[in-house]
Amino acid sequence: MEKPSYNFEVSNNGLIFSFESVSREKIIKKVVVYEPLVDELYHMGFGDLVEDNTIDYSVKSANKDMNKVLSTVVQTMFLFFEKYPDKKVVFTGSNEIRTRLYRSIISKFVEEIELYFLVEGFKNDGTQEVFRKNEDYYAFLIYPRI
Amino acid sequence: MKTKREIPKVNPNTYKVNPALDDKKFEFTPETQAFRSKIERFVKTHIKPPVSI
């Protein structure tokens with residue numbers, strides 16, 4: 001998974017990350033946030049930092065660097081699990097198109113991902129199963145192999 | 001069963017710790033807040049904690 005990614009900053013507690021998405025047209029401040037939900041579960045969300053320190057997970061950046069941005073998010077996840085190896089991360093897209101994109105990316109790299117992590121998918125009705133390629137899911141759960 | 005491998009270490013030259021991020025009071029757009037609430041409800045409804053014996 002050695003893909004081009006952006007350098008980033010991380011908070012002391014390892015839960016907030018920021019970096020800049022750069023193109024010829026614009027520079028966008030990105031934020032990745034890991035928030036505790038219940039027990040060992042954390043929600044991972046990422047989006048743009050808009051004015052007044054407000055985070056928008058839904059905005060469409062269109063900065064022509066999606067792969068680099070997603071690779072950076074993966075790097076933050078590596079660092080998160082380095083600090084919190086016993087936690088699990090839940091994530092989904094802010095809309096169906098993004099969720100399908102995440103599913104597609106996981107499907108593409110699942111053999112490699114599963115060397116390090118276990119990945120599960122959640123259907124809309126909450127049914128939980130080991131991630132299967134090209135299956136429709138509402139959300140994903142990822143955590144280090146024990 | 002796949003063999004477990006150590007999670008790749010992030011190159012320390014590619015990031016730096018910024019303590020200011022810990023103190024920053026981030027807010028969320030209303031749409032993002034609704035999204036966060038939705039995933040939180042989903043998780044609390046469907047993902048059960050492991051049973052302790």
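Preceding this section is the structure that the text describes.
A brief structural summary. A quick note: this is a predicted structure, and the numbers were derived from the prediction, not measured.

Definitions and limits used
Residues numbered from 1 in each chain as written. Chains lettered and ligands numbered in written order. Predicted model: local features only at pLDDT ≥ 70, side-chain atom pairs only at ≥ 80, totals over all residues. Helix = DSSP H or I, 4+ residues; strand = E, 2+ residues; numbered from the N terminus. Rg over C-alpha atoms; globule rule 2.2 N^0.38 Å. Buried ≥ 20, exposed ≤ 12 C-beta atoms within 10 Å, placed from the backbone. Contact = placed C-beta atoms within 7 Å. Nonpolar A, V, L, I, M, F, W, Y, C, P; charged D, E, K, R; others polar. Pairing = 2+ DSSP bridges. Core = buried A, V, L, I, M, F, W, Y, C linked by C-beta atoms within 7 Å.

**Looking at the overall build of chain A**
For step 1, the next point in the chain: Scanning chain A for helices and strands turns up 2 helices and 9 strands.
For step 2, the next point in the chain: In sequence order, chain A lays out its α and β elements as β-β-β-β-β-α-β-α-β-β-β.
For step 3, the next point in the chain: The C-alpha radius of gyration of chain A comes to 15 Å, within 12% of the 15 Å expected for a compact globule of 146 residues.
For step 4, the next point in the chain: Counting only C-alpha atoms, chain A reaches 40 × 30 × 30 Å along its principal axes.
For step 5, the next point in the chain: Out of the 146 residues in chain A, the part that is buried amounts to 30%.
For step 6, the next point in the chain: For chain A, restricting intrachain contacts to residue pairs at least 6 apart in sequence, the fraction spanning at least 24 positions comes to 47%.

**Here we look at the interface of chain B and chain A**
For step 1, the next point in the chain: Every contact between the two is made by 33 residues of chain B and, on the other side, 40 residues of chain A.
For step 2, the next point in the chain: Those elements giving two or more residues to the side of chain B that touches chain A turn out to be strand E1 (15-17), helix H1 (20-23), strand E2 (27-28) and helix H2 (30-46) of chain B.
For step 3, the next point in the chain: In terms of residue count, H2 of chain B provides more of the side of chain B that touches chain A than any other element does, 11 residues in total.
For step 4, the next point in the chain: For the side of chain B that touches chain A, a count of residues per class yields 15 nonpolar, 6 polar and 12 charged.
For step 5, the next point in the chain: One ladder, built from 2 bridges, connects strand E5 (residues 54-56) of chain A with E2 of chain B; its direction is parallel. Residue pairing in the sheet places Ile-55 of chain A in a bridge with Phe-28 of chain B of E2 of chain B.

**Looking at the nonpolar core**
For step 1, the next point in the chain: Grouped together as the largest cluster of nonpolar side chains are 35 residues, with contacts concentrated most on Phe-17, Val-31, Val-33, Tyr-34 and Val-89 of chain A.
For step 2, the next point in the chain: A per-element tally of this core places strand E9 (residues 139-144) of chain A first, with 5 residues.

**Considerations on unusual backbone geometry**
It is generally the case that most residues other than glycine have a negative phi and that most peptide bonds are trans.
All names here are of chain A.
For step 1, the next point in the chain: You will see that Lys-64, though not glycine, has its phi angle at about 60°, which is positive.
For step 2, the next point in the chain: As for its placement among the helices and strands, Lys-64 is situated in the loop between E5 and helix H1 (66-83).
For step 3, the next point in the chain: At Asn-134, a residue that is not glycine, the phi angle is positive and equals roughly 60°.

**Quick look at the environment of Ser-107 of chain A**
All names here are of chain A.
For step 1, the next point in the chain: Among the secondary structure elements, Ser-107 is positioned in helix H2 (residues 96-113).
For step 2, the next point in the chain: C-alpha separation for the pair Ser-107 and Ser-94, spaced 13 residues apart in sequence, amounts to 19 Å.
For step 3, the next point in the chain: If sequence neighbours within four positions are ignored, Ser-107 has contacts with Lys-133 and Asn-134.

**Points about the pairing of strand E3 (residues 27-36) of chain A**
Residues and elements named next belong to chain A.
For step 1, the next point in the chain: Here strand E2 (residues 16-22) runs beside E3; their pairing, made up of 7 bridges, is antiparallel. Its bridge partner being in E3, Glu-20 is matched across the sheet by Lys-29.
For step 2, the next point in the chain: Turn length for the E2-E3 hairpin, with the two strands adjacent in sequence and antiparallel, is 4 residues.
For step 3, the next point in the chain: Examined bridge by bridge, E3 and strand E4 (residues 41-50) share 7 bridges and lie antiparallel to one another. Bridged to Pro-36 within E4 is Tyr-42.
For step 4, the next point in the chain: In this antiparallel pair of consecutive strands, E3 and E4, the connection spans 4 residues, and Asp-39 shows a positive phi of 50°.

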